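Observations on chain architecture
Each chain, letter by letter, is given below.
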Amino acid sequence: MTIFQVLADEYSRRILLVADQEPRTAKDLSDICDASLTTIYRRVSTLQEYDLIREHSTVGADGKHRSQFETTLEELHVAVSDGELSLSVETRDELADNFTSLWTNMREER
């Protein structure tokens, strides 16, 4: 499967958009996306393979551990050149790492 195929899937796109608003449990995603939990877990697994979503463990008011999912996707760039289609993906983690590197370099240059 390619990232184009992942993003072509309606459920995957919906999960990314909903989990971008705030971290969501699989049950929340299931309700909002009107999809079975099986469908949600399958899509989340695929999105995790491409580092487009990450999982956080939280503890609810009842003391139970729950997983929440949050989108890491920040930007997609599609380019067409010489008859080739290419896609580059930037995640929030990469942007944070880039900022940290930039800041470190600026401090070292002083």
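Let us look at the structure shown here. From a predicted model like this one, the values you see are computed outputs, not experimental measurements. Just so you know, the residues in each chain are numbered from 1, in the order the chain's sequence is written. Predicted model: local features are reported for residues with pLDDT of at least 70 only, side-chain atom pairs are reported and counted for 80 or more only, and whole-chain, interface and lining totals are derived from all residues. To get the side-chain values, all heavy atoms of the structure are used, and hydrogens and water are removed first.

**Some remarks on the overall build of the protein chain**
Heads up, the condition is: Secondary structure follows DSSP: runs of H or I at least 4 residues long count as helices, runs of E at least 2 residues long count as strands, and numbering of each begins at the N terminus. Type-normalised accessible area, obtained with a 1.4 Å probe on protein chains alone, sets the label of each residue: buried when under 20%, exposed when over 50%, and partly exposed for intermediate values. Should any heavy atoms of two residues lie within 4.5 Å, those residues are considered in contact. Per-residue and other accessible areas were derived by the Shrake-Rupley procedure at a 1.4 Å probe size, with only the shown protein chains allowed to occlude residues.
When helices and strands are counted, the protein chain shows five helices and four strands. Element order for the protein chain, N to C, with α for helix and β for strand: α-α-α-α-β-β-β-β-α. Here the protein chain holds 110 residues, and the buried ones make up 26% of them. Restricting the contact set of the protein chain to residue pairs at least 6 apart, pairs at least 24 apart contribute 42%. A total accessible area of about 7,600 Å² is found for the protein chain, and carbon and sulfur atoms account for 48% of it.

**Brief notes about helix 3 (residues 26-33)**
Because each turn of an α-helix spans 3.6 residues, side chains separated by three or four positions in sequence point in the same direction. Worth spelling out the cut-off: It is the directions from the helix axis to the C-beta atoms that the arc portrays.
Within the span of helix 3, buried status applies to Ala26, Leu29, Ser30 and Cys33. Viewed along the axis of helix 3, the buried residues span an arc of 100°, placing them on a single side of the element. Taken together, the buried residues of helix 3 touch helix 2 (10-21), helix 4 (37-49) and strand 2 (65-71).

**Quick look at unusual backbone geometry**
If you check the backbone angles, Asp34 has positive phi at about 55° while not being a glycine. Structurally, Asp34 can be placed in the loop between helix 3 and helix 4. The phi angle at Asp51 is positive, at roughly 55°, despite the residue not being glycine. Here Asp51 is to be found in the loop between helix 4 and strand 1 (53-59).

**Some thoughts on a nonpolar patch on the surface**
Cut-off, in case you're wondering: For patches, a residue must show more than 30% relative accessible area and have no salt bridge; joins then use 9 Å for like charges and 5 Å for nonpolar side chains, namely Val, Leu, Ile, Met, Phe, Trp and Tyr. By convention in these notes, a salt bridge is any Lys or Arg side-chain nitrogen within 4 Å of a carboxyl oxygen on Asp or Glu.
Together, Phe4, Val78, Val80 and Leu85 give the surface a local cluster of nonpolar side chains, amounting to about 400 Å² of exposed area. Within the element layout of this structure, Phe4 appears in helix 1 (residues 3-8).

**Examining the nonpolar core**
To keep things clear, this is the line we draw: Here, nonpolar core refers to any group of buried Ala, Val, Leu, Ile, Met, Phe, Trp, Tyr and Cys residues whose side-chain atoms link them within 4.5 Å.
Counting 18 residues, the largest nonpolar core has Ile15, Leu29, Ile40, Val44, Leu47, Leu52 and Ile53 as its most contacted members. Of all elements in the fold, only helix 1, helix 2, helix 3 and helix 4 reach the threshold of two or more residues within this core. Per element, the largest residue contribution to this core is four residues, and it comes from helix 2. Apart from residues lying up to four places away in sequence, Leu47 is in contact with Val6, Ser12, Ile15, Leu16, Leu52 and Ile53.

**Brief notes about the pairing of strand 2**
This is how it is decided: Two strands pair under a simple rule: DSSP has to find at least two bridges between them.
Sheet topology places strand 1 next to strand 2; seven bridges connect them, and they run antiparallel. Bridge assignment links Ser57 to a residue of strand 2, and that residue is Ser67. Hairpin remark: strand 1 followed by strand 2, antiparallel, with five residues in the connecting loop; positive phi at Gly63, about 85°.

**Side note on the pattern of salt bridges**
In the structure shown here, the tally under the stated rule is four salt bridges. A salt bridge links Asp31 to Lys27, with the nearest nitrogen and oxygen atoms 2.9 Å apart. Taken together, the residues span about one helical turn, with Asp31 and Lys27 both in helix 3 at a distance of four residues. With relative accessibility at 47%, the residue Asp31 sits in the partly exposed group.

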